[in-house]
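Overview (structure and organization)
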Amino acid sequence: KLLKKLGFEWECHNNQPWDESFEELVSFIEEFGHARVPIKFPLNPSLGIWVVKQRQDYKEFLNDDSSSNMTADRIQLSNKVGFEWVVNRTLEYSC
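This text gives an overview of the structure that appears in the document. The residue numbering used here restarts from 1 in each chain and proceeds along that chain's sequence as written. Restriction of local features to residues with pLDDT of at least 70 applies here, the model being predicted, together with a cutoff of 80 or more for giving and counting side-chain atom pairs; totals for whole chains, interfaces and linings are based on all residues. Excluded from the side-chain calculations are hydrogens and water; all other atoms, namely the structure's heavy atoms, are used.

Attention shifts here to the overall build of the protein chain. Counting from the N terminus, the helices are DSSP H or I runs at least four residues long and the strands are E runs at least two residues long. Counting its regular elements, the protein chain contains four helices and zero strands. Helices and strands in the protein chain line up, N terminus first, as α-α-α-α. Within the protein chain, the proportion of its 95 residues that are buried is 28%. The long-range share in the protein chain, meaning contacts at least 24 apart out of those at least 6 apart in sequence, stands at 47%. The accessible surface values rely on the Shrake-Rupley method and a 1.4 Å probe; as for residues, cover is taken only from the protein chains in view. Of the roughly 6,800 Å² of accessible surface on the protein chain, 52% is carried by carbon and sulfur atoms. Residue exposure (1.4 Å probe, protein chains only): buried if accessible area is under 20% of the type maximum, exposed if over 50%, otherwise partly exposed. In this analysis, two residues are considered to be in contact whenever any of their non-hydrogen atoms come within 4.5 Å of each other.

Listed below in structure tokens is the structure:
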């Protein structure tokens, strides 16, 4: 409990600052015309993992889960670039 209270992150899939990952997302959108980064994106595997984490954090944020790293500012920035918070996982997206 104490570690959680101090903000300890149990999962460290991506140690890169949020802003840097967001810029990578923006580059992806500019190149492919959408924000549906595949979970296993061969050109940037950490970006696919980061996108999944953003969606998880968003759900937690909406449920007032204090463990969420999502903020209203991050949601606003993501919305501005067309980030999709909910995707149909059965669809295959090409890049």
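Alright, that's what it looks like, and here's the rest.
With that settled, the discussion passes to the nonpolar core. Core analysis: the biggest nonpolar cluster contains 17 residues, and Leu25, Val37, Leu47, Trp50 and Val51 have the highest contact counts within it. Among the secondary structure elements, those contributing two or more residues to this core are helix H2 (18-32) and helix H3 (45-62). With six residues, the single largest contributor to this core is H2. Each nonpolar core is a collection of buried residues, namely Ala, Val, Leu, Ile, Met, Phe, Trp, Tyr and Cys, held together in the definition by side-chain atoms within 4.5 Å.

Working rule for helices: expected span equals 1.5 Å times residues minus one. Helix length check: H2, at 15 residues, gives a terminal C-alpha distance of 21 Å against a target of 21 Å (1.5 Å per residue), a fit within 8%. Those residues of H2 that sit buried are Trp18, Ser21, Phe22, Leu25, Val26, Phe28 and Ile29. The buried residues of H2 occupy an angular sector of 160 degrees when the element is viewed end-on, so they sit on one face. Every exposed residue of H2 that faces more than 90 degrees away from the buried side is listed here: Asp19, Glu30 and Glu31. In this fold, the buried residues of H2 make contact with H3 and helix H4 (72-80). Gly33 sits one or two positions beyond H2 and adopts a positive phi of about 80 degrees. To be clear, the arc concerns the directions from the helix axis to the C-beta atoms.

A ring pair, where both rings are aromatic, is described by two values, the distance of the centres and the angle of the planes. The criterion for an aromatic pair is that two Phe, Tyr or Trp rings (for Trp, the six-membered ring) have centres within 6.5 Å, with stacked assigned to planes under 30 degrees apart, edge-to-face to planes over 60 apart and tilted to the rest. According to the stated counting rule, one finds seven aromatic pairs in the structure shown. Ring plane angle 10 degrees and centroid distance 5.0 Å describe the contact between Trp18 and Phe22, whose orientation is recorded as stacked. Note that Trp18 and Phe22 are positioned in helix H2 at a spacing of four residues, about one turn of the helix. Relative accessible area serves as the criterion here: at 10%, Trp18 is assigned to the buried category. For Phe22, a relative accessible area of 8% corresponds to the buried category. An angle of 85 degrees between the planes, with centres 5.9 Å apart, marks the rings of Phe32 and Phe41 as edge-to-face. Looking at Phe32, the relative accessible area reads 21%, which means it is partly exposed.

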